[in-house]
Amino acid sequence: MGRSVLVTGGNRGIGLAIARGLAEQGHSVAVTHRGSGAPEGLFGVQADVTDSEAIDAAFKQVEEHQGPVEVLVSNAGMNDDTLLMRMSEEQFAKVVDANLTGAYRVAKRASRGMLRAKWGRFVFISSVVGLSGSAGQTNYAASKAGLVGFARSLARELGSRNITANVVAPGFVVTDMTNALTEDQRAATLAQIPAGRYGDPADIAAAVGFLASDQAGYVNGAVLPVDGGLGMGH
Ligand code: NDP
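Residues numbered from 1 in each chain as written. Predicted model: local features only at pLDDT ≥ 70, side-chain atom pairs only at ≥ 80, totals over all residues.

As recorded in an unreviewed UniProt entry, the chain goes by the name Beta-ketoacyl-ACP reductase, listed as coming from Amycolatopsis acidicola. Per UniProt, the chain carries the Sequence similarities (unreviewed entry) text "Belongs to the short-chain dehydrogenases/reductases (SDR) family." (UniProt positions renumbered as here; feature names shortened; annotations may be inferred.)

Okay, structure coming up:
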């Protein structure tokens, strides 16, 4: 059955692969972007996840276009890496605001329609480093770990209404975000990945496709690593 889907940050990278994967499954898929425009064949709405009013306006456009959001993929995210000793409070707060508070903003807005429909799927894109930690990423790792507690609390609040909230924790996936790393950083990570390769955005899309499906209705509060074994199940 085709659902109404919204993928935040679905204009590029992992989000775009998720959006395309869900569209291929027959869902109506909308993506947020911050000015790049909609990718070909997808419905685009402009919104920054740090702006509640913009989110509300984006949801209204999506609702008019394809009905209330039934599947929310909270994927938009950013990093601003440096060691704690050099990290300003602004740098810390900015990353948490986009990655964690941003997820709260879109999830809260989406929950209304899901409660009315008595059906819903939340999928939050976290990261392997949310659980393992990562030097130079205290802000990013904290925001990604926060998504786990957030999703599990949501699962407890809404689980009885056919609404699930799950987390996907990607490992190292080749996108603009990881292309910004140095060759040394990339090689050091690769050496730790049992699969012997970096992840492809399609690897993440496949996991999200499952968690968004009707068949995944009894999977709730889960953290699904998609990392080639990097985190060994964590
Ligand atoms: P990219 O940098 O390629 O894309 C990031 C996406 O998030 C873009 O669509 C960007 O929009 C959007 N975005 C960032 N900040 C905001 C904001 N404030 N409001 C709205 N949209 C925003 O990253 P990836 O595709 O690699 O990452 C996608 C998600 O996966 C992120 O949450 C990331 O943390 C997570 N992840 C990535 C991993 C990797 O190895 N690549 C590993 C683990 C997790 P715009 O185009 O407008 O900038």
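## Details of the site of the ligand
In the vicinity of the ligand there are 29 residues, among which G9, G13, R34, G77 and T175 approach most closely. Elements represented by at least two residues in the shell around the ligand include exactly α1 (13-24), β2 (28-33), α3 (89-117) and α6 (176-179). In the shell around the ligand, the residues fall into 10 nonpolar, 15 polar and 4 charged. (Near = placed C-beta within 6 Å. Helix = DSSP H or I, 4+ residues; strand = E, 2+ residues; numbered from the N terminus. Nonpolar A, V, L, I, M, F, W, Y, C, P; charged D, E, K, R; others polar.)

## Looking at the nonpolar core
In terms of nonpolar packing, the biggest core is built from 62 residues, with I18, A19, V29, L72, V168, I204 and V208 touching the most fellow members. Considering each element in turn, this core owes the most residues, 8 residues, to α3. With sequence-adjacent residues up to four places away left out, V168 is seen in contact with V123, I125, S126, I204, A207, V208, L211, L224 and V226. (Core = buried A, V, L, I, M, F, W, Y, C linked by C-beta atoms within 7 Å. Buried ≥ 20, exposed ≤ 12 C-beta atoms within 10 Å, placed from the backbone. Contact = placed C-beta atoms within 7 Å.)

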